[in-house]
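# A structural walkthrough
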Amino acid sequence: MLKTRPADLIPLTPAVFHILLSLVNEERHGYGIMLDVASQTNDALQLGPGTLYGCLKRMLAAGLVEESNERPDLMNDDERRRYYRITTLGSRVVRAEAERLESALAAARAKRIAHPAKRVMPERRLP
Amino acid sequence: MNRIRLLECLCRAYRVLLAAYPRTFRRQYGTEMTQLFRDCCRGILQKSGPLGLPPFLLHTGVDWLGSLVRECVASVCAPAELARAHNPALDGTPGFYGSDRYSPRSPALIIGVALSLIVFFVLSEGFNQRIAQLESRTPDLEIVRSRPGASRGRLRSSSLVVIPTVSGQRSPVANGKVIAGLLSQFDRFDIVALGEWHGKEEDQAFQLALIRSPELPKKARNIVVEWGNSLYQDVLDRYIVGEDVPETELRKVWRDTTQSPVMDTGDLNTCPPLLTEIRSLNKRLPEALKLRVIAGDPPIDWTKVTTAQSFVQFLNRRDEVPADVITREVLQKHQKALVIYGAGHIWRGNTFVKTPNLVSLLDKSFPGRTYAVFRIGGVYPETQRLESLISDPDRPILLSLKGTAVGTLDANEFIGRDVPVHLFPEHLQLRQVADGVIYSGPSPDKEISASMTAKADPSFAEELARRKGLMPHPRR
């Protein structure tokens, strides 16, 4: 089987990109991913169950994420929940996509289309 | 309903929706998706209460539809795509996403084609209905030509005889109004009895336009006709639903009626165009809305009728039989019917014929369930007065006779102008004769120029001559 290169997998759709971002630092279950994506995008991208699990299915098949047997969220655990974590390939892909977006943004700034980034983080919303 | 119960109801409904997904996807993620849906609902209920649910449910519905299409498409083509490990972004948000690569990926293309087809079918359905509405407003008939190569001896919808084009009055909008007005009577009545003048272009054109109306099947599925021998109802039923019926068998429906000797029944009068139209419509209609044509003429078997006496037995039942048929096939089944009969069978108070006519019989058995309407057109002694009472310039126009000035006009001044007798008692008013009248204006009616193919059939011409010899009295 050929080794997959990150370049083969980008550009990512916004949904896949934000799902990967939400898994960069911690493992999450579906609801946790959904809330984190909404938080990352200031509610601009709200994943429904069908879209979320459709993405996860394809990301699992592509080796971007994998299921985790651990239960990090002990306070809100449920046997029906499955936790997902990002793989090494997933990390490389999300990094490559972020770089691609960054270069696209730089090009836009050079054309004075986009303003320089303000260092204001969106307010995180608790579940 | 408390919140826990509401939550359970919503989750149950969502589980039902999940059943539409491909089985592998549903088995793999169905439980989690339900859990996710439950978590979302619970979060919203805690945060915003029940009022926060509708936007979320709408969003979830859209998500369900979009992801359903994607998963169904992916279930067909995913294995090959995934083998290339090339498509982590197959989710498509929206469905056409993937154009970052300057050319859509094949799954996105497939999704696009699937969505386009759905949109096309939805729009074309609406378009068809619109066309049908427009057609229903146009009284002109189409010319349906014989299909080259159509097998002889069998009648199919597109291989039937030529339908004459009617060049009579053209008032599409008004005709649409008349049709809508007539169909609205089904909201209050079970039977709309439409009286015709036999052999007039205006009546035939109107009947065809009425049948083409997409609203008719929603209002009434049965069409009871005078020109069909009820002995051959099974033949009619088979033809109408689209079966291939031998031509010789089908023609018996209108050739072998009790009226065949008195009307020189041909093959190109009202019957075949109407049947062809309904058969064609039925092909496009869903099962629940398919139209049925019910023959109302007494079940005469001409092979067994050899004396005037036996013929009269059938002739005398020309109102009784359709009343029985309508009772049995329509009213007792809690259905509705459009009845197309000669106006003489429709008029109330018609004293010229001694026995009660069709509408009188229906009124007696089922009071208040029949709306009687017939058409008048041409110049009458009272035409000027009639015109002065109508403010709407459109012709034809449906006029109500109950509680209106038009209804108080003398029936004898409008009906029976072509016969040397008064059909009604003196001073009987129009409102006592019918519930409505379709006034087509002062232009004279046109006869249908029918080529009587029946006469070109020597054996049938001979049979017609025999039947004429059995006639007991002049035509009614």
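In this text, all values refer to a predicted model and were calculated from it rather than measured experimentally. (Residues numbered from 1 in each chain as written. Chains lettered and ligands numbered in written order. Predicted model: local features only at pLDDT ≥ 70, side-chain atom pairs only at ≥ 80, totals over all residues. Heavy atoms only, no water.)

Here we come to unusual backbone geometry. The omega torsion of the bond from Ile10 of chain A to Pro11 of chain A falls at 5°, within 30 degrees of zero and hence cis. Its location among the elements puts Pro11 of chain A in the loop between helix H1 (6-9) and helix H2 (14-22). For the bond running from Arg395 of chain B to Pro396 of chain B, omega is 0°, close enough to zero to count as cis. Position of Pro396 of chain B relative to the elements: it lies in the loop between helix H15 (383-389) and strand S8 (397-400). Here the phi dihedral of Asn42 of chain A falls at roughly 55°; this positive angle occurs in a residue that is not glycine. Tracing the backbone through its elements, the reader meets Asn42 of chain A in the loop between helix H3 (30-40) and helix H4 (49-62). On the basis of relative accessible area, Asn42 of chain A is assigned to the exposed category, the value being 55%. Phi angles above zero are rare outside glycine, and Asp43 of chain A is one such case at about 70°. Structurally, the position occupied by Asp43 of chain A is in the loop between H3 and H4. (Helix = DSSP H or I, 4+ residues; strand = E, 2+ residues; numbered from the N terminus. Buried < 20%, exposed > 50% of the residue type's maximum accessible area, 1.4 Å probe, protein only.)

Look at H3 of chain A against helix H2 (residues 23-48) of chain B: their axes get within 9 Å of each other, and the N-to-C directions meet at 50°. In terms of orientation, H3 of chain A lies oblique with respect to H2 of chain B. Considering the relative orientation of H3 of chain A and H2 of chain B, their crossing is right-handed. On H2 of chain B, the residues touching Gly30, Tyr31 and Met34 of chain A of H3 of chain A are Leu36, Asp39, Cys40 and Gly43 of chain B. Considering only residue class, the contact of H3 of chain A with H2 of chain B consists of four nonpolar, two polar and one charged. (Axes fitted to C-alpha atoms, helices over the stretch in contact; angles between N-to-C directions. Parallel < 35°, antiparallel > 145°, perpendicular 65-115°, else oblique. Left-handed = near helix turned anticlockwise from the far one by under 90°. Contact = heavy atoms within 4.5 Å. Nonpolar A, V, L, I, M, F, W, Y, C, P; charged D, E, K, R; others polar.)

Hydrogen bonds between backbone atoms are what pair the strands of a sheet, whose relative direction is either parallel or antiparallel. Residues and elements named next belong to chain A. In spatial order, the strands read S1-S3-S2; together these three strands make up an open sheet with antiparallel pairing. Across the chains shown, the open sheet's two edge strands, defined by having one partner strand only, are strand S1 (28-29) and strand S2 (65-68). As paired strands, S2 and strand S3 (residues 83-86) are joined by four bridges and run antiparallel to one another. Paired with Glu67 across the strands is Tyr84, a residue of S3. (Pairing = 2+ DSSP bridges.)

Residue and element names in this part refer to chain A. The end-to-end C-alpha separation of H4 is 20 Å, in line with the 20 Å expected for 14 residues at 1.5 Å each. For H4, a buried count of 11 out of 14 residues is recorded, marking the element as mostly surrounded by other parts of the structure. Immediately downstream of H4, the backbone of Gly63 shows phi near 80°, a positive value. (Expected span 1.5 Å × (residues − 1).)

All names here are of chain B. A full pass over the atoms with the stated rule returns nine aromatic pairs over all chains. Taking 5.2 Å as the distance between ring centres and 45° as the angle between the ring planes, the aromatic pair formed by Tyr21 and Phe25 counts as tilted. Overall, the relative accessible area of 2% leaves Tyr21 in the buried class. Its end group placed over the ring of Phe460, Arg255 keeps NZ or CZ at 4.3 Å from the ring centre. (Phe/Tyr/Trp six-rings, centres within 6.5 Å; stacked < 30°, edge-to-face > 60°. Lys NZ or Arg CZ within 6 Å of the ring centre and 35° of its normal.)

Quick look at the confidence of the model for chain A now. Residue and element names in this part refer to chain A. Per-residue confidence for chain A gives a mean pLDDT of 81, with 80% of residues at or over 70. Across chain A, the secondary-structure element scoring lowest on mean pLDDT is H1, at 82, and the one scoring highest is H2, at 93. Long-range and interchain partners of residues 119-127, a stretch whose pLDDT sits below 50, account for 11 contacts in this model, where long-range means more than four residues apart. (pLDDT = per-residue confidence, 0-100.)

This part covers the confidence of the model for chain B. All names here are of chain B. Summing up the model confidence of chain B, the mean pLDDT is 78 and the portion of residues at 70 or higher is 77%. The model gives residues 79-104 a pLDDT under 50, and that stretch makes 59 contacts with residues more than four places away or in other chains. Low pLDDT, under 50, characterises residues 135-173; the stretch is placed with 93 contacts to residues that sit more than four places away or in other chains. Note on the complex model: pTM 0.53, ipTM 0.81.

Considering all chains together, one arrives at 38 salt bridges over all chains under this definition. Among the salt bridges present, the one from Glu66 of chain A reaches Arg85 of chain A, with a minimum N-O distance of 3.0 Å. Of this pair, Glu66 of chain A sits in strand S2 while Arg85 of chain A is found in strand S3, placing the two residues 19 residues apart along the sequence. The structure contains a network of salt bridges with shared partners spanning Asp237, Arg292, Arg328, Glu329 and Lys333 of chain B. (Salt bridge = Lys/Arg side-chain N within 4 Å of Asp/Glu carboxyl O.)

Next up on the list: the sheet that holds S8 of chain B. Residues and elements named next belong to chain B. Sheet architecture is open: seven strands sit in the order S5-S3-S6-S2-S7-S9-S8, paired in mixed fashion. Because the sheet does not close on itself, it has two edges, and the strands there are strand S5 (292-297) and S8. Across this sheet, the average inter-strand angle for adjacent strands is 30°, counted without regard to direction. When strand S2 (residues 191-196) meets strand S7 (residues 370-376), the two strands line up parallel, connected through five bridges. Directly across from Gly195, in S7, lies its bridge partner Phe374. Relative to the sheet, helix H6 (residues 201-212) contacts S2, strand S3 (222-229), strand S6 (337-342), S7 and strand S9 (436-439), its axis offset from that of S2 by approximately 155°. Helix H13 (residues 320-331) contacts S2, S3, S5 and S6 of the sheet and is inclined by roughly 155° relative to S5.

This part takes up the side chain of Glu71 of chain B. Inspection of the secondary structure assignment puts Glu71 of chain B in helix H3 (residues 53-83). Residue classification places Glu71 of chain B among the buried positions, given a relative accessible area of 1%. In contact with Glu71 of chain B, not counting residues within four places along its chain, are Gly54, Lys57 and Arg58 of chain A together with Tyr21, Pro22 and Phe25 of chain B.

A few words on the environment of Val24 of chain A. All names here are of chain A. Tracing the chain through its elements places Val24 in the loop between H2 and S1. By relative accessible area, which is 40% here, Val24 ends up partly exposed. Considering only alpha carbons, one finds Val24 and Thr87, 63 residues apart in sequence, at a separation of 9.1 Å.

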